[in-house]
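# Coordinate inspection notes
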Amino acid sequence: MEFLSQINIALRGPTGQPQSASDTIARLADRLSPSTLLADRRAAVLALKGLSRDCKAEVGQLTLPGLLDVLQNDAEVDADIGKAVLETLIVLCEVDENAPAAARELGYKHTDVVLADDKIAHKLFALMADHSFYLRYSALQFLSVLLQNRRQVVQNYFLKAPVGVTSLIALLEDKREIIRNEAIFTIQSLISQSPEIQKIMAFEGAFEKLFNMIVGEQGLEGGVVVQDALTCIDGLLRFNQSNQSYFRGSSLPPVLLSLVGFPPNLPFNTPAPQQFALQLWDVPQKRANVSLVVGLIGLLGRQAGPPDGLSIACTRCLTEFGLASNAPTNIKTQALRLVPANVSALPLAEMVVTPYVPVPDTNGEEWDRLEPASALDALVELILHGEYNNIIDGERRTKDGMELRGAALGIFQNFVQKEEISEAIVQAMVSQPGSQAPVTPLLYALTTVPVSPLNIPSVTSTHFATLLFAHLLRASPRAKLTARSIVPQASAQGGGGGGGAFFVPADGDAPPPADDEAEADEPQTLLQILSEHLSLAFLTRARTDLPDKEAREWDRLCVGYLCLLIQWLWEDPAAVREFLEAGALGVLVEPINQTAEEDAMIPGLCAFLLGVIYEFNREPGEVTRSTIHPILTRLGIDVLSGRIVHLRDDERFRAVGPDNFVAASPSTHVPPHHPHQGPPAAGQTKAEVEEGEIWFDWAFVDFWKSNYYTIQKGITVDPNSLSSAAGQESAILIASLRDVIRGQAAEIEKLQTQLKALTNASSETEALRAQVASLAEQLQSSDQKKREVEKEQEDLLVLLDELNSKRRRDKERMRQANMDVSEDEDDDDDEDDDEE
Amino acid sequence: MAGVAWHYVLKFIITGDAAVGKSSLLIRLTDQRFLANPDPTLGVEFGSKLITIPEENKVVKLQCWDTAGTESFRSITRSYYRGAAGCLLVYDVTSRQSFVNVRSWLQDVREHADPHLTCILVGNKIDLCTDDPNAPAPKRKREVTTEEGELWAQEEGLLFLEASAKSGENVEAAFERATRDILEKVRRGVFDDDRSPGVKLSKPSSGVALDEQAKGGCC
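In this numbering scheme, every chain counts its residues from 1 along its sequence in written order. The naming scheme follows written order: chains are lettered A onward, ligands numbered 1 onward. Whole-chain, interface and lining totals are the exception, using all residues; otherwise, since this is a predicted model, local features are given only for residues with pLDDT of at least 70 and side-chain atom pairs are given and counted only at 80 or more. Think of the side-chain values as coming from all heavy atoms in the structure, minus any hydrogens and water.

### Some thoughts on the overall build of chain B
Using the following cut-off: Each helix corresponds to a stretch of at least 4 residues labelled H or I by DSSP, and each strand to a stretch of at least 2 residues labelled E; elements are numbered beginning at the N terminus. Only protein chains enter the accessibility calculation, which uses a 1.4 Å probe; a residue is then buried when its area is under 20% of its type maximum, exposed when over 50%, and partly exposed in between. Contacts between residues were defined by any pair of non-hydrogen atoms, one from each residue, lying within 4.5 Å. Shrake-Rupley sampling with a 1.4 Å probe provides the accessible areas, and residues are treated as covered by the protein chains on show and by no other component.
From N to C terminus, chain B includes five helices and seven strands. Shown N-terminal to C-terminal, the secondary structure of chain B runs as helices and strands in the order β-α-β-β-α-β-α-β-α-β-α-β. Relative to its 219 residues, chain B shows a buried fraction of 52%. Put simply, 72% of the contacts in chain B that link residues at least 6 apart link residues at least 24 apart. Only carbon and sulfur atoms are counted for the fraction: they give 50% of the accessible area of chain B, which is about 9800 Å².

Next up, the structure:
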């Protein structure tokens, strides 16, 4: 700062009077002119740098053009002046988000002056290749400031700069970390929303250089620079189809997978290695890095068209992460959410995973490997019983844990989109004659008898089971048909505890006590059991001595049963009849009749279910539409209709969105509960873990929104009218069209086989034709040969004839000459003659 | 994913006037289909293809950047010239103008690209002026003869082929011919070290390795 005072002294006029700041600045501005000595200009710039912070406006107004000239002319000559001028310009253009509007405006104004044409921007790109550390560094910094203020302008200049990209990319290999890291940071904002820059970056090898850097920084164990590099890669890929195809075709995706320890060429029938499944997660930076890589893997797994090797490997990696690793819960959730929606193309049921659970009281250092299970089983297990079978969270429902189960539920929903799959799963729950179907975990959880006091993990499993089952039935009439014949074995209800289907000893989840009366009766169907449990839940809920918290859990159970039943009975008259015969009507009427002001949810659902029953009660039975109608009238059509509509206003219903499933539990300050000093959670021993709960899933909300109007109309219609609302008609129409399509598909198939047969036949004909042609040719040639032979023979005969006559003449002459002539030859001759 | 193996990665650019069929040539190369009514390319599009050069016993990965022919993108597409090892200079044999303009494209390439870049002149759309009597009457007349194209290519030291993205004729051949030329240059040691970013040697043994820097010549 000494020079500053010197300059100030020098600048003081002869009178020695102190000058105002603007006078000083004006004088300094004069000194920037190229006619002065370089040393003077350097001093002036340094002085201005000192003043720029306090007198931003004046310095900017008076000296900006001069400073820019200095940058143009002197920076490369003299690194010191270059650094100083860049630093001054940074101060002038910087915009502090927290500053008052006027100050921010100033920064933008200066930026606009700097970017008035492309000269300065191009100069900066050139300076990035300069050898001086400070010049490179300050040029990069200034560029980021400009990018922050006027991104698009800089981007346009950049695209047209002759060497911009190359020198910027080269900085990624700079040995000096500071420069390299600053370059990554600048690239991040430079590529933002500019596909053209993203592409040229890829062309210049940005991917390769970034990956080299990540690998050089110990991969994902590396620091924040790895995170920045991964963010850059994400930015280059996320919305850029062209770069994605470049990246997919390069040798980098395998590197990406090996970064998280997943072998890229792992054969499908080989389990994932333990060093992938069990990793150390203590370093928070690693979690951030892995989360970015998981995002990238998800991007590569998503592939339009038939899945290729890469997208299958990516999807498998995501699934393994979610189902069979010790990754932090939020990373598992992220991985499962990214599993592509066309998962039914992947053999989830055949894929084998090896889940791990933490050994209690080892603080996450020891893990038990469980028996290999199919990914589908592991998925269902995760949904029903939570991460690691809930041994860490115990009674608590952590928000993270619920999010994870929700993500898994999403995969299940996508998986059973195909009717054959959902049907096969339901079919597996039906007992074949002569043998008993095994009690699947899903069926077990679904039919667990609720007993007071409720145990939270058990309620949660039952609730998730209703959601799973609803996914199986919702879109498939055939699955509904099959589901009606499910007769769960008594052991399921009796709480006989972990059958063979449980591959985890159920320790967090105490089996409910046996239900004796159910066992006494003849086996009930699933639908009957559900209706019974619903009624049981209503009865218990109606007790006045229940604590609020438990009442809430009973509500949750009711909601689960009701939502499942609504979706099951929809468009299924046979199921409606069975449900009615189980005495459902009485069960439903009671809650609707309550004057429940405080809670619109359960009455709304009951009213809706009643409407569904009325609408689809189309089979002859004990309880007909005419029996139900008076009940509807007594309850009041308007009241019912109002109840249905009110559900829409319920907060728990409204909060559900396609990606938004888990709600925070309201003010349940449960004292921190550590059944076992559990692993990952133990790393961040926070007393307050946010809890979460679920009520509805989006699939139901969506279903309800598309159909409630039909039901609202339906309940107003006379019992004898055949079909109430337009919705019904369109449903019938859709059903008939579906039949038509099915018929057509069959026909197409038939025609295709015919076509194949015909093609075969025609190829045969072709072969025969060829044969005919070749035979004809052969015939022709042999004909010709025969003709030639005949001709030759004729010639020979003529010759013979001539010889014969000559011999005869000779013999005659010999005889006349009294020479001895053989007789027999005469005979021969005669014979010959005869012959001729 | 096994067997992602190639010996070289070569960067190609495709340039030439708008609507001469650059994108169609690329799609024909990568997807073996004809892009009937493509939208004009905006900026640059990417495509890649593995080809084998049997006599060198080398598998080569072609990374092709198909550039926009429209004038407004010219400054953007120029940025790609520098890093390329090969260039397809395309004109339309039924458009005199596109052939005339090829000169300015070549000038651009010469100005910005590596001096050792291999350039092949490709006259596209020969299917439009086929001599086949069975074909429907040619829709458009040929305006640049084969001889003329060949002569000019010779003068400028370019390789030359006529091709059709529609029929697929000579499309792969054009890329192959250029690739052979580049490999020949590699053998002669023209692309010695990382002077040209357009040629990269890759470890053929493992698909996992990053693209190595071309290590002192080949083999």
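### Some remarks on the nonpolar core
Threshold: Only buried Ala, Val, Leu, Ile, Met, Phe, Trp, Tyr and Cys residues count toward a nonpolar core, and they belong to the same one when joined by side-chain atoms within 4.5 Å.
Among the nonpolar cores identified, the biggest contains 246 residues, and M201, F469 and F696 of chain A are the most heavily contacted of them. Ranked by residue count, the leading element in this core is helix 30 (residues 548–569) of chain A, at 13 residues. Among the nonpolar cores identified, the runner-up in size contains 30 residues, and Y8, V60, L161 and A165 of chain B belong to it.

### Brief notes about the interface of chain B and chain A
How big an interface is tends to be stated in terms of the accessible area lost upon association of its parts. Going by this rule: For any pair of parts, buried area is found by adding up, for both, the accessible area (1.4 Å probe) each one loses once the two are put together. Salt bridges are identified by distance alone: a Lys or Arg side-chain nitrogen within 4 Å of an Asp or Glu carboxyl oxygen. In this classification, Asp, Glu, Lys and Arg are treated as charged, Ala, Val, Leu, Ile, Met, Phe, Trp, Tyr, Cys and Pro as nonpolar, and every other residue, Gly included, as polar.
Every contact between the two is made by 25 residues of chain B and, on the other side, 31 residues of chain A. Together, the buried faces of chain B and chain A total about 2400 Å²; carbon and sulfur atoms form 57% of this surface. Taken together, the connections running from chain B to chain A amount to two salt bridges. Here K199 of chain A makes a salt bridge to E45 of chain B, at a shortest N to O gap of 3.4 Å. Put simply, the parts of the chain that give the side of chain B that touches chain A at least two residues each are strand 2 (44–53), strand 3 (58–67) and helix 2 (74–78) of chain B. When its residues are assigned to classes, the side of chain B that touches chain A shows 13 nonpolar, seven polar and five charged.

### Regarding the domain arrangement of chain A
All names here are of chain A. Here is the rule we go by: These domain limits were set by an automatic method or by a database of domain assignments. Any N or O atom pair separated by 3.5 Å or less is treated as a polar contact, with the protein-specific requirement of one donor-capable and one acceptor-capable atom, and with residues adjacent in sequence counted only for side-chain atom pairs.
Structurally, chain A comprises domain 1 (251–369 + 376–383) and domain 2 (417–430 + 439–488 + 523–665 + 689–723). The C-alpha-based centres of domain 1 and domain 2 are spaced at 35 Å. Of the residues lining the interface, five residues belong to domain 1; the matching set on domain 2 comes to seven residues. Between domain 1 and domain 2 we count zero residue pairs in polar contact (both at pLDDT 80 or more) in total.

### Looking at the pattern of salt bridges
Inspection of every chain in the model, using the stated rule, returns 48 salt bridges over all chains. We note a salt bridge from K332 of chain A to E387 of chain A, for which the minimum N-O separation is 3.0 Å. With a gap of 55 residues between them, K332 of chain A in helix 20 (residues 329–338) and E387 of chain A in the loop between helix 21 (375–385) and helix 22 (399–415) connect regions that are remote in the sequence. D92 of chain B is paired through a salt bridge with K125 of chain B; the nearest N and O atoms lie 3.2 Å apart. Of the two residues, D92 of chain B sits in strand 4 (residues 86–92) while K125 of chain B sits in the loop between strand 5 (118–124) and helix 4 (146–156), which places them 33 residues apart along the sequence. Several salt bridges converge on common partners, so that one network encompasses R397, R552, E553, R556 and E693 of chain A.

### Some details on the pairing of strand 1 (residues 8–16) of chain B
Residues and elements named next belong to chain B. Definition in use: When DSSP locates at least two bridges between a pair of strands, those strands are taken to pair.
Within strand 1, nine of the nine residues are buried, leaving the element largely enclosed by the surrounding structure. Pairing analysis gives five bridges linking strand 1 to strand 4, with the strands arranged parallel. Bridge pairing links F12 to G86 in strand 4.

### Notes on the pairing of strand 5 of chain B
Residue and element names in this part refer to chain B. As a reminder of what qualifies: Convention used here: a crossover is right-handed provided that the path from the first strand, over the helix, to the second strand proceeds clockwise when the strands point away from the viewer.
Among the seven residues that make up strand 5, seven are buried, leaving the element largely enclosed by the rest of the structure. Here strand 5 shows a buried face lined by T118, I120, V122 and N124 and a second buried face lined by C119, L121 and G123. Strand direction decides the pairing type here: strand 4 and strand 5, joined by seven bridges, are parallel. Along strand 5, the bridge assignment pairs V90 with V122. Following the backbone out of strand 4, through helix 3 (residues 96–112) and into the adjacent parallel strand 5, one traces a crossover that is right-handed. Strand direction decides the pairing type here: strand 5 and strand 6 (residues 159–162), joined by four bridges, are parallel. Within strand 6, the position partnered with V122 by the bridge is L161.

### Remarks on the environment of S325 of chain A
All names here are of chain A. Relative to the helices and strands, S325 is located in the loop between helix 19 (309–323) and helix 20. Classification of S325 by relative accessible area gives buried; the value is 3%. A sequence separation of 46 residues divides S325 from Q279, and the C-alpha atoms of the two residues are 8.1 Å apart. Setting aside its immediate chain neighbours within four residues, S325 contacts A277, E320, K332 and Y388. A polar contact of 2.7 Å, which involves the side chain of S325, links it to the backbone oxygen of F321.

### Observations concerning the environment of I179 of chain A
Residues and elements named next belong to chain A. With respect to the secondary-structure elements, I179 resides in helix 11 (residues 177–190). Taking relative accessible area as the criterion, I179 reaches 0% and is therefore assigned buried. Linking I179 and D377, residues 198 residues apart in sequence, is a C-alpha distance of 50 Å. In this structure I179 touches F133, R136, Y137, L140, L171 and D174, once residues within four positions along its chain are discounted.

### Section: helix 1 (residues 22–31) of chain B
Residues and elements named next belong to chain B. In terms of burial, helix 1 is largely enclosed, as eight of its ten residues are buried. All of the buried residues in helix 1 are K22, S23, S24, L25, L26, I27, R28 and L29. Contact partners of the buried residues in helix 1: strand 1, strand 2, strand 3, strand 4, strand 5 and helix 5 (171–187). Once helix 1 finishes, Q32 follows within two positions and takes phi at roughly 55°, a positive value.

### Some thoughts on unusual backbone geometry
In terms of backbone geometry, most residues other than glycine have negative phi values and most peptide bonds are trans. The phi dihedral of Q218 of chain A falls on the positive side, at around 60°, and the residue is not glycine. One non-glycine residue with positive phi stands out, namely Q32 of chain B, at about 55°.

### Topic: a nonpolar patch on the surface
Heads up, the condition is: Patches here are clusters of residues that have more than 30% relative accessible area and form no salt bridge, with a 9 Å joining cutoff for like charges and a 5 Å cutoff for nonpolar side chains (Val, Leu, Ile, Met, Phe, Trp, Tyr).
A surface patch of nonpolar side chains, amounting to about 270 Å² of accessible area, comprises L733, L737 and V740 of chain A. By the element assignment, L733 of chain A lies in helix 39 (residues 726–816).

### Details of a negative patch on the surface
The condition that has to hold: In this tally Asp and Glu are treated as negative and Lys and Arg as positive; neither His nor the chain ends contributes. To locate a charge, the coordinates of NZ of Lys, CZ of Arg, CG of Asp or CD of Glu are taken.
Taken together, the side chains of E788, E790, E792, E794 and D795 of chain A define an acidic patch exposed on the protein surface. Its relative accessible area of 47% is what places E788 of chain A among the partly exposed residues.

### Some remarks on the side chain of S23 of chain B
Residues and elements named next belong to chain B. Position of S23 among the secondary structure elements: in helix 1. Within the structure, S23 has its side chain in polar contact with the side chain of T41 (distance 2.7 Å). Contacts of S23, omitting those with residues within four sequence positions, involve L35, T41 and D66.

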